[in-house]
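# Close look at the chain arrangement
One-letter residues, chain by chain:
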Amino acid sequence: KAGVTQTPRYLIKTRGQQVTLSCSPISGHRSVSWYQQTPGQGLQFLFEYFSETQRNKGNFPGRFSGRQFSNSRSEMNVSTLELGDSALYLCASSLGLGSGNTIYFGEGSWLTVV
Amino acid sequence: SQQGEEDPQALSIQEGENATMNCSYKTSINNLQWYRQNSGRGLVHLILIRSNEREKHSGRLRVTLDTSKKSSSLLITASRAADTASYFCATDMESSYKLIFGSGTRLLVRP
């Protein structure tokens, strides 16, 4: 069974540009969540989707957005990139929404903003 | 803000020794999960322990949970060089299902 797949793995963008990251969850998983990891702030929750609806959102500005498609695949978008957005963006999936579900992570997308 | 604090921040041991990492959290939780992260890679799920469980084992891993002290520990027995990684605890709180991560423990196992 394939794990959580994220694309692209590495990318470099310029300040002011926007970026879209993609995530394919484990087959059968309906919940997808996104996390940002930086050396300074550690791992922080961005948002969670279930059945194409955003169920939970972290404390990030509106420049960060996401969506989930009917096949559970998800994308996140960051507009007007800032240098501080450079981070490892991790996607995770679980069978369902709610506590007790093991959450599996992908390898992440490394974003560098220059 | 981070829910958990991990202790120690870094740990260096010899291959074959045991490694113990501790995690403390602030609010009531539903579950606590431990993850491993190799440098620059994604997170690998190790163990999920529910708030009504006190101890759980998986291979060389042993996790304990003390909800009265709001703390958990991860014990890796007979460590190997391949165990070198950062280890994170993550909690989901009663009021929310999102994971709140600790700051992590960097483990170095010397061959």
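Conventions adopted
- Residues numbered from 1 in each chain as written.
- Chains lettered and ligands numbered in written order.
- Predicted model: local features only at pLDDT ≥ 70, side-chain atom pairs only at ≥ 80, totals over all residues.
- Heavy atoms only, no water.
- Helix = DSSP H or I, 4+ residues; strand = E, 2+ residues; numbered from the N terminus.
- Polar contact = N/O pair within 3.5 Å; in protein donor to acceptor, adjacent residues only side chain to side chain.
- Contact = heavy atoms within 4.5 Å.
- Buried area = accessible area lost by both parts, 1.4 Å probe.
- Salt bridge = Lys/Arg side-chain N within 4 Å of Asp/Glu carboxyl O.
- Nonpolar A, V, L, I, M, F, W, Y, C, P; charged D, E, K, R; others polar.
- Pairing = 2+ DSSP bridges.
- Disulfide = S-S within 2.5 Å.
- Buried < 20%, exposed > 50% of the residue type's maximum accessible area, 1.4 Å probe, protein only.
- pLDDT = per-residue confidence, 0-100.
- Axes fitted to C-alpha atoms, helices over the stretch in contact; angles between N-to-C directions.

### Concerning the side chain of Asp 85 of chain A
All names here are of chain A. Considering the arrangement of structural elements, one finds Asp 85 in the loop between β8 (74-78) and β9 (87-94). Within the local environment of Asp 85, its side chain forms a polar contact with the backbone nitrogen of Glu 82, the two atoms lying 2.8 Å apart. When neighbours within four sequence positions are excluded, Asp 85 is seen to be in contact with Gln 36, Arg 63, Phe 64, Val 78, Thr 80, Leu 111 and Val 113.

### Section: the interface of chain B and chain A
Contact residues are listed per partner, giving 21 residues for chain B and 24 residues for chain A. Here chain B and chain A share an interface that buries about 1700 Å² over both sides, 52% of which is from carbon and sulfur atoms. Linking chain B with chain A are one salt bridge, by the criterion used here. Glu 107 of chain A serves as the salt-bridge partner of Arg 41 of chain B, at 2.8 Å between the closest nitrogen and oxygen. Of all the secondary-structure elements, those providing two or more residues to the side of chain B that touches chain A are β4 (29-37), β5 (43-50), β9 (85-93) and β10 (99-101) of chain B. Here the side of chain B that touches chain A gets five residues from one element, more than from any other, and that element is β4 of chain B. Partitioned by chemical class, the residues of the side of chain B that touches chain A number seven nonpolar, 10 polar and four charged.

### Things to note about unusual backbone geometry
Residues and elements named next belong to chain A. Residue Pro 8 is reached from Thr 7 by a cis peptide bond, and omega for that bond is -10°. Note on placement: Pro 8 falls in the loop between β1 (5-7) and β2 (10-13). The phi angle at Glu 52 is positive, at roughly 70°, despite the residue not being glycine. Unlike most non-glycine residues, Ser 72 shows phi in positive territory, near 80°. Within the element layout of this structure, Ser 72 appears in the loop between β7 (64-68) and β8.

### A closer look at the pairing of strand β3 (residues 19-24) of chain A
On a regular strand, each side chain points to the face opposite its neighbour's, so the side chains alternate between the two faces of the sheet. Strand direction decides the pairing type here: β1 of chain A and β3 of chain A, joined by three bridges, are antiparallel. Residue pairing in the sheet places Gln 6 of chain A in a bridge with Cys 23 of chain A of β3 of chain A.

### Focus on the state of the cysteines
Per the stated rule, a full pass over the model turns up two disulfides over all chains. A disulfide bridge connects Cys 23 of chain A with Cys 91 of chain A, and the sulfur atoms are separated by 1.8 Å. Looking down the S-S bond of the Cys 23 of chain A and Cys 91 of chain A bridge, the torsion is -65°, so its handedness is left-handed. Remark: Cys 91 of chain A occurs in strand β9 and Cys 23 of chain A occurs in strand β3; sequence separation between them is 68 residues. One disulfide bridge connects Cys 23 of chain B with Cys 89 of chain B, the sulfur atoms lying 2.0 Å from each other. A torsion of 70° about the S-S bond marks the disulfide between Cys 23 of chain B and Cys 89 of chain B as right-handed. Residue Cys 23 of chain B is found in strand β3 (residues 19-24), and its partner Cys 89 of chain B is found in strand β9; the two are separated by 66 residues along the sequence. In this pair, the class of Cys 23 of chain B matches that of Cys 89 of chain B, namely buried.

### Thoughts on the confidence of the model for chain B
The predicted model of chain B has a mean per-residue pLDDT of 91, with 92% of residues at 70 or higher. Predicted confidence in chain B is weakest over strand β1 (residues 5-7) of chain B, with a mean pLDDT of 84, and strongest over strand β7 (residues 61-66) of chain B, with 98.

### Looking at the sheet that holds β1 of chain A
Residues and elements named next belong to chain A. One open sheet holds the four strands; their spatial order is β1-β3-β8-β7, and the pairing between them is antiparallel. In this open sheet, the two strands that pair with only one neighbour each are β1 and β7. The sheet shows a mean angle of 20° between the axes of neighbouring strands, taken without regard to direction.

### With respect to the pairing of β7 of chain B
Residues and elements named next belong to chain B. In terms of strand pairing, strand β6 (residues 55-58) meets β7 through four bridges, oriented antiparallel. Across the sheet, the residue bridging to His 57 is Arg 62, located in β7. As consecutive antiparallel partners, β6 and β7 are separated by two residues, and within that stretch Gly 59 has a phi angle of approximately 60°, a positive value. Direction of pairing for β7 relative to strand β8 (residues 71-76): antiparallel, over a ladder of six bridges. By the bridge assignment, Leu 61 is partnered in β8 with Ile 76. What sits between the antiparallel neighbours β7 and β8 is a turn of four residues, in which Lys 70 has the positive phi angle 55°.

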